[in-house]
Amino acid sequence: QVQLVESGGGLVQPGESLRLSCAASGNIFRLNIMGWYRQAPGKQRELVAAIATGGITNYADPVKGRFTVSRDDAKSTVYLQMNSLKPEDTAVYYCNIRTIGAIPQDYWGQGTQVTVSS
């Protein structure tokens, strides 16, 4: 019922920037956490950044100071501004929404490839 549509991935050179977008649709509970995870080949999926309805954010240490997560509740969209990209940022980035309520539920996007290479 809940669908997440991601966009913004691509190929960039080290030091460049990229912005990912994820638009959610469907029956989304008003209280939720939206965020981004990434998974490189042969690696486990890891949290990159997340933002709750109230604006509280959480970042993984490797991206602190470089990435910024934000949300537009009117558009049910979460963004990930990625600056000073490094080759180690290369991964498939997945949008996630976690509803908060009596029955918490996780929903995932299809993923978008981000490749940082010279």
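Reading the values: the criteria
- Residues numbered from 1 in each chain as written.
- Predicted model: local features only at pLDDT ≥ 70, side-chain atom pairs only at ≥ 80, totals over all residues.
- Heavy atoms only, no water.
- Helix = DSSP H or I, 4+ residues; strand = E, 2+ residues; numbered from the N terminus.
- Rg over C-alpha atoms; globule rule 2.2 N^0.38 Å.
- Buried < 20%, exposed > 50% of the residue type's maximum accessible area, 1.4 Å probe, protein only.
- Contact = heavy atoms within 4.5 Å.
- Areas by Shrake-Rupley, 256 points an atom, 1.4 Å probe, with all protein chains shown as cover.
- Lys, Arg positive; Asp, Glu negative; His and termini not counted.
- Charge placed at Lys NZ, Arg CZ, Asp CG, Glu CD.
- Disulfide = S-S within 2.5 Å.
- Core = buried A, V, L, I, M, F, W, Y, C linked by side-chain atoms within 4.5 Å.
- 1 Å grid on protein atoms, 1.4 Å probe; cavity = no way out; pocket = protein on both sides within 12 Å on 5 of 7 lines; lining within 4 Å.
- Points joined across faces, edges and corners; volume = space filled by probe spheres on them.
- Nonpolar A, V, L, I, M, F, W, Y, C, P; charged D, E, K, R; others polar.

(A) Region of the structure containing the overall build of the protein. Regarding its fold elements, the protein presents zero helices and 11 strands. The order of helices and strands in the protein, counted from the N terminus, is β-β-β-β-β-β-β-β-β-β-β. The globule rule puts the C-alpha radius of gyration for 118 residues at 13 Å, and the 14 Å found for the protein is close to it. Summarising its shape, the C-alpha atoms of the protein cover approximately 45 × 25 × 25 Å along the three principal directions. Taken across its 118 residues, the protein has 38% of its residues classed as buried. Sequence-distant contacts in the protein: of pairs separated by 6 or more residues, those separated by 24 or more amount to 52%. Carbon together with sulfur atoms contributes 48% to the accessible area of the protein, which is approximately 6,600 Å² in total. For the protein, the separation between the mean place of its 11 positive charges and that of its 9 negative charges on side chains is 3 Å.

(B) Structural context of the state of the cysteines. Taken as a whole and assessed by the stated rule, the structure comprises one disulfide. Two residues, Cys 22 and Cys 95, share a disulfide whose sulfurs are 2.0 Å apart. Disulfide Cys 22 to Cys 95: torsion about the S-S bond roughly -85°, handedness left-handed. Placement of Cys 22 in strand 3 (residues 18-25) and of Cys 95 in strand 9 (residues 91-99) is noted, with a sequence separation of 73 residues between them.

(C) Expanded view of unusual backbone geometry. One non-glycine residue, Ser 76, adopts positive backbone phi at about 50°. Structurally, Ser 76 is set in the loop between strand 7 (67-72) and strand 8 (77-82). Accessibility expressed as a relative area gives 28% for Ser 76, which makes it partly exposed. A positive phi angle, near 50°, is found at Ser 84, a position not held by glycine.

(D) Highlighting the nonpolar core. In terms of nonpolar packing, the biggest core is built from 27 residues, with Trp 36, Leu 80 and Tyr 93 touching the most fellow members. Put simply, the parts of the chain that give this core at least two residues each are strand 3, strand 4 (32-39), strand 5 (46-52), strand 7, strand 8, strand 9 and strand 11 (112-116).

(E) Spotlight on the layout of surface pockets. Considering only enclosed or pocket space, the largest pocket measures out at about 150 Å³ in volume. Every residue lining the largest pocket is listed: Gln 1, Val 2, Asn 27, Phe 29, Thr 99, Ile 100, Gly 101, Ala 102, Ile 103, Gln 105 and Tyr 107. Taken together, the residues of the lining of the largest pocket break down into six nonpolar, five polar and no charged.

By themselves, these observations are geometric and do not establish any function.
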